[in-house]
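Given next are the chains, with one letter for each unit.
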Amino acid sequence: MSDDAIFEKLSQCAVDVLQVPPDKVVKEARFSDDLDADSLDLVELVMALEEAFGISVDESELDGIETVGEAYDLVKSKL
Amino acid sequence: MTGGNATHTNRTALVTGGSRGIGLATAIALAHRGDNVVIAHRSELPVSTQDLINSLNSVSSVHTGGKPQLEVSKASAPGTTPGAAQVAAPGAIVAVQCDVRSDNDISSLFDRVEAEFGYASIIVANAGIVADTLLLRMGQPAWDDVIDTNLTGVFRILKRGVRPMVRKRYGKVVLVSSVAAFLGSPGQANYASAKAGLVGMGRSLARELAGRNINVNIVAPGIVDTGMISALGEAKLKELVGSVPLGRMASPEEIAHVIAFLTSDDASYVTGAVIPVDGGMAMGL
């Protein structure tokens, strides 16, 4: 899967789960501040990403993931 | 999506420990009001329970045009969640063997539920065992077994079961605790600990999931006329009943009715509550 395709898929998950407009889902966007996501939103997003990409994300790997770009890196590292 | 006044019908309920006692009474109460019910049970289904389910299913088939419920499992493929609910007639009861100590069993249980009916929007965590003995004589296995089933088993069920509720933004969870959680109960340090643990678990979950329109409540039954009290012996039972203001045991149905209320949309503003259903036995605690 190309980098663009990965981001596109991740972005779609974020739009669906967090109910935000697509143009707000940029790599610099912070989940808590820019996308208004609470902790349960993030858990839901992780569940959606696990399903969409067929990956499994451990609880400990989520530490320090605060931006869309960091989430993208994490997903990419698992493909 | 769903306001406080919305009324949902054709829901699916999962009741663990559903083959007898409070669980069975709850399954029947929910089926009667039109929910599809999946009973999870560990031990062999008693013949009387199977007969009861059969007769209830035959009645509910009549209501829905004679559609047999139990064939649905063969007809529908896993993953056909949202539409599948229309296939099954309302009020059907299906029994699935499941040990809440086993992640594999739980996984297959939910796969089955979701394949047949769509997601379970109601979960009644009722499965429980006793292994009574004074703490000084309590072996580690008696402690571990009871905690593993009565407390950790609920964690396992909820961890898998609330996932779709979160997605769908709708769910009703009831944990069946016990008056023993508040009064203490000699010979039941293991059981009372697990049942007290459910209060903390339920209230934490109520806070975690409140934003997703999911209500989590706890019922704390007192002395209920089920197989579980037969081990008490007549003298002990008489003494216990003597401490109940209403002066008698509860029937399983009397607990089931409260659970039915808590899992109804009439109770939409009730969450994180501990409801004693104990004839006044532990009032004020």
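Values in this document were obtained by computation on a predicted structure and should not be read as measured data. (Residues numbered from 1 in each chain as written. Chains lettered and ligands numbered in written order. Predicted model: local features only at pLDDT ≥ 70, side-chain atom pairs only at ≥ 80, totals over all residues. Heavy atoms only, no water.)

S.K.: Lay out the interface of chain B and chain A in plain terms, naming residues and giving numbers.
M.R.: A common way to state how big an interface is: give the accessible area lost once the parts meet. Counting residues at the interface gives seven residues for chain B, matched by eight residues for chain A. Summed over both partners, the interface of chain B with chain A comes to about 640 Å²; 43% of that surface belongs to carbon and sulfur atoms. Contact with chain A buries surface across chain B, with Arg163(B), Arg167(B) and Arg212(B) losing the most and accounting together for 68% of the total. Our count for the chain B to chain A interface comes out at six salt bridges. Notably, a salt bridge pairs Glu44(A) with Arg212(B), separated by 2.8 Å at the nearest N-O pair. Seen at the junction of chain B and chain A, the total is four residue pairs in polar contact (both at pLDDT 80 or more). Where the side of chain B that touches chain A is concerned, the elements lending two or more residues are helix H6 (140-168) and helix H8 (189-209) of chain B. Top element by residues in the side of chain B that touches chain A is H6(B). It accounts for three residues. The residue inventory of the side of chain B that touches chain A, partitioned by class, reads two nonpolar, no polar and five charged. (Contact = heavy atoms within 4.5 Å. Buried area = accessible area lost by both parts, 1.4 Å probe. Salt bridge = Lys/Arg side-chain N within 4 Å of Asp/Glu carboxyl O. Polar contact = N/O pair within 3.5 Å; in protein donor to acceptor, adjacent residues only side chain to side chain. Helix = DSSP H or I, 4+ residues; strand = E, 2+ residues; numbered from the N terminus. Nonpolar A, V, L, I, M, F, W, Y, C, P; charged D, E, K, R; others polar.)

S.K.: Before we move on, could you go through the layout of surface pockets and cite the residues and values that matter?
M.R.: Of the volumes computed, that of the largest pocket is approximately 1100 Å³. Every residue lining the largest pocket is counted, 45 residues in all, and those nearest its centre are Gly128(B), Val130(B), Tyr191(B), Thr226(B) and Met228(B). Sorting the residues of the lining of the largest pocket by element identifies helix H1 (21-32), strand S2 (36-41), helix H7 (180-183), H8 and helix H9 (234-242) of chain B as the ones contributing at least two each. Counted by class, the lining of the largest pocket contains 22 nonpolar, 17 polar and six charged residues. A volume near 790 Å³ is recorded for the second largest pocket. Lining the second largest pocket we find 24 residues, and of these Val43(A), Met47(A), Lys159(B), Val162(B) and Glu208(B) sit closest to its centre. Put simply, the parts of the chain that give the lining of the second largest pocket at least two residues each are helix H2 (39-53) of chain A together with H6 and H8 of chain B. Partitioning the lining of the second largest pocket into residue classes produces 13 nonpolar, three polar and eight charged. (1 Å grid on protein atoms, 1.4 Å probe; cavity = no way out; pocket = protein on both sides within 12 Å on 5 of 7 lines; lining within 4 Å. Points joined across faces, edges and corners; volume = space filled by probe spheres on them.)

S.K.: I'd like to hear about a nonpolar patch on the surface, residue by residue, with values.
M.R.: All names here are of chain B. Residues Phe182, Leu183 and Leu285 make up a contiguous nonpolar surface patch of about 280 Å² in total accessible area. Residue placement: phenylalanine 182 occurs in helix H7. For phenylalanine 182, a relative accessible area of 33% puts it in the partly exposed group. (Patch = residues over 30% accessible without salt bridge, like charges linked within 9 Å, V, L, I, M, F, W, Y side chains within 5 Å. Areas by Shrake-Rupley, 256 points an atom, 1.4 Å probe, with all protein chains shown as cover. Buried < 20%, exposed > 50% of the residue type's maximum accessible area, 1.4 Å probe, protein only.)

S.K.: Lay out empty space enclosed by the protein with the relevant residues and their values.
M.R.: Residue and element names in this part refer to chain B. Counted under the stated rule, the structure contains one cavity of 30 Å³ or more. In this structure, the largest cavity encloses a volume near 30 Å³. Taken together, Thr16, Val100, Ala125, Asn126, Ala127, Thr149, Gly153, Val154 and Ile157 form the lining of the largest cavity. The residue inventory of the lining of the largest cavity, partitioned by class, reads five nonpolar, four polar and no charged.

S.K.: Give me the lowdown on the sheet that holds strand S4 (residues 122-125) of chain B, citing residues and values where you can.
M.R.: Residues and elements named next belong to chain B. Strand order in this open sheet of seven strands is S3-S2-S1-S4-S5-S6-S7, and the pairing throughout is parallel. Looking at strand neighbours, the two that pair on one side only are strand S3 (93-97) and strand S7 (274-277), the edges of this open sheet. Strand-to-strand, the axes of this sheet are offset by a mean angle of 20°, without reference to chain direction. As defined by bridge partners, S4 adjoins strand S5 (residues 171-176) across four bridges and the pair is classed as parallel. Note that in S5 the partner of isoleucine 123 across the bridge is valine 173. (Pairing = 2+ DSSP bridges. Axes fitted to C-alpha atoms, helices over the stretch in contact; angles between N-to-C directions.)

S.K.: Pulling in residues and values, what's your account of the nonpolar core?
M.R.: Residue and element names in this part refer to chain B. By size, the foremost hydrophobic cluster in this structure holds 38 residues, and its most contacted members are Leu14, Leu109, Leu158, Val173 and Leu175. Those elements that place two or more of their residues in this core are S2, S3, helix H5 (103-117), S4, H6, S5, H8 and strand S6 (214-221). Per-element accounting of this core gives the leading share, eight residues, to H6. (Core = buried A, V, L, I, M, F, W, Y, C linked by side-chain atoms within 4.5 Å.)

S.K.: Tell me about the packing of H1(B) against helix H10 (residues 252-262) of chain B, and please be specific about residues and values.
M.R.: All names here are of chain B. Contact geometry of H1 with H10 gives a least axis separation of 8 Å together with a crossing angle of 50°. Comparing their axes, H10 and H1 come out oblique. H1 and H10 meet at a crossing whose hand is right-handed. On H10, the residues touching Gly21, Ile22, Ala25, Thr26, Ala29 and Leu30 of H1 are Pro252, Glu253, Ile255, Ala256, Ile259 and Ala260. Its residues assigned to classes, the contact of H1 with H10 comprises nine nonpolar, two polar and one charged. (Parallel < 35°, antiparallel > 145°, perpendicular 65-115°, else oblique. Left-handed = near helix turned anticlockwise from the far one by under 90°.)

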